[in-house]
Structures are given as C-alpha cells and as structure tokens.
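Residues per chain, in single letters:
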Amino acid sequence: MTVNYKIWTFCMIQDGDKILLIDRQKEVFKGFIPPGGSVEFPESIMDCAIREVKEETGLTVRNLEFKGLNEYVNPTTNARYMIFNYLTKDFEGELLENPPEGKLYWVPIDEALQLPMQKSFKRRFPLFFEDGTFEIHVVWDNVQNEEEEVTINRT
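How each quantity is defined
Residues numbered from 1 in each chain as written. Predicted model: local features only at pLDDT ≥ 70, side-chain atom pairs only at ≥ 80, totals over all residues. Heavy atoms only, no water. Helix = DSSP H or I, 4+ residues; strand = E, 2+ residues; numbered from the N terminus. Rg over C-alpha atoms; globule rule 2.2 N^0.38 Å. Buried < 20%, exposed > 50% of the residue type's maximum accessible area, 1.4 Å probe, protein only. Contact = heavy atoms within 4.5 Å. Areas by Shrake-Rupley, 256 points an atom, 1.4 Å probe, with all protein chains shown as cover. Lys, Arg positive; Asp, Glu negative; His and termini not counted. Charge placed at Lys NZ, Arg CZ, Asp CG, Glu CD. Polar contact = N/O pair within 3.5 Å; in protein donor to acceptor, adjacent residues only side chain to side chain. Phe/Tyr/Trp six-rings, centres within 6.5 Å; stacked < 30°, edge-to-face > 60°. Pairing = 2+ DSSP bridges.

**Overview of the overall build of the protein chain**
1) Next: The helix and strand tally for the protein chain stands at two helices and 11 strands.
2) Next: Taken from N to C terminus, the helices and strands of the protein chain fall in the order β-β-β-β-α-β-β-β-β-β-α-β-β.
3) Next: Relative to its length of 155 residues, the protein chain is compact, with a C-alpha radius of gyration of 15 Å against a globular reference of 15 Å.
4) Next: When its C-alpha atoms are laid out on the principal axes, the protein chain stretches across 45 × 35 × 35 Å.
5) Next: Residue burial in the protein chain is summarised as follows: out of 155 residues, 44% are buried.
6) Next: Across the protein chain, the fraction of contacts at a sequence separation of at least 24, relative to all contacts at a separation of at least 6, is 64%.
7) Next: Element-wise, carbon and sulfur atoms account for 50% of the exposed surface of the protein chain, whose accessible area totals about 8700 Å².
8) Next: Of note, the protein chain has its 17 positive side-chain charges centred 2 Å away from the centre of its 27 negative side-chain charges.

Here is the structure:
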C-alpha cells in the first residue's frame, strides 16, 4: 500500500506573556495561527520551522523546543499529514511590514483562545505551555469530511 505523507511545522514565538500570531485570511487554514508551513525536501523539519518564521514574520528564531506532533490520517485516501510543533522564546529582528500570510499580532496568551482560530490549533494551543510533549492523532472520516476520532497523549 502506498501512503501519501505531507509534513508541516508550526513555531510559536513567546515574548513574556504574549505570543506572535498571524491573522491568516486565506481560504485554507483561515484564522489566527503561528508561523509555519510545508517542509521542503530534503530540508530538516526544524530548519523548515526556522525558515517559515523568517519568511512569514521577518524574525530569526533559535533554541526551538519541540512541543509535539499533530497528525491526521485518512484511511480512505491513505494519507498521513503531520504537523511538528515548536515553541521558542529566543528570537531577534523586526517584524515585516507587509507579511505574506496575514497581519502579525502580539497576543496575550490568556486572551488568545478568544480569537477566531482553526479547531485543530485551538485544541493544541494550551499544550504548548505545558511541561512535556504531546501527540494528537486524528482519524479523518472522508465521507463526512470531518474528524472521526481524536486521541491526545502527553509525555
């Protein structure tokens, strides 16, 4: 059996009690999200997170902490989509004036969940600030076009 793999990254940037989010208004993945994107072959997953932050925000990040994996599997289409999630407090540079993915906002952590965001990101948002790592495994129902089963594990 052939399985179609796609890999993305997210990198949450924290400055004190605030985090940097993008107000993405594109059709796909609309809402407030951290910088991130698709891993380009043969780049490493962490290098992708660093590159995507630079492209989408103008900031240079270092000392990324791996926080967890969010994956979707679709048994009907033999697809596995993996999102590697990072957190950093180590960054430098100036924010882009015209960022490509949407306007950038420093948002208080305790207010962020009140913003419109994708269901999957809202679910994992608090996990970035817990000790340890997480794994979220989602089985996709292709007929209903929605999540069929969600399992969250913490380490």
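**Let's talk about the side chain of E71**
1) Next: Position of E71 relative to the elements: it lies in strand 6 (residues 65–74).
2) Next: Reaching out from E71, the side chain makes a polar contact with the side chain of R80 at a distance of 2.5 Å.

**Topic: unusual backbone geometry**
1) Next: P42 follows F41 through a cis peptide bond whose omega is 5 degrees.
2) Next: Despite not being glycine, N63 has its phi angle at roughly 50 degrees, a positive value.
3) Next: By relative accessible area, N63 is classed as exposed at 62%.
4) Next: With a phi close to 55 degrees, N145 is a non-glycine residue in the positive phi region.
5) Next: Among the structural elements, N145 can be located in the loop between strand 10 (134–141) and strand 11 (146–154).

**Topic: the packing of aromatic side chains**
1) Next: For the structure shown, the criterion picks out 11 aromatic pairs.
2) Next: Judged by centre distance (5.8 Å) and plane angle (50 degrees), the ring pair of F32 and Y105 falls under tilted. With F32 in strand 3 (residues 31–33) and Y105 in strand 9 (residues 103–108), this residue pair connects regions lying 73 residues apart in the sequence.
3) Next: Classification of Y105 as partly exposed rests on a relative accessible area of 31%.
4) Next: Site record: aromatic cluster; members linked through ring pairs are F10, F121, F125, F128, F129 and F134.

**Brief notes about the pairing of strand 2 (residues 18–24)**
1) Next: Among the seven residues in strand 2, six count as buried, and that is most of the element.
2) Next: Relative to strand 2, strand 1 (residues 4–15) runs antiparallel, the two being bridged by two bridges. Residue D15 lies in a different strand from strand 2, and its bridge partner there is K18.
3) Next: The turn linking strand 1 back onto strand 2 is made up of two residues, and G16 within it adopts a positive phi angle of 65 degrees.
4) Next: Looking at chain direction, strand 2 and strand 3 are connected through three bridges and run antiparallel. Of the residues in strand 3, the one forming a bridge with D23 is F32.

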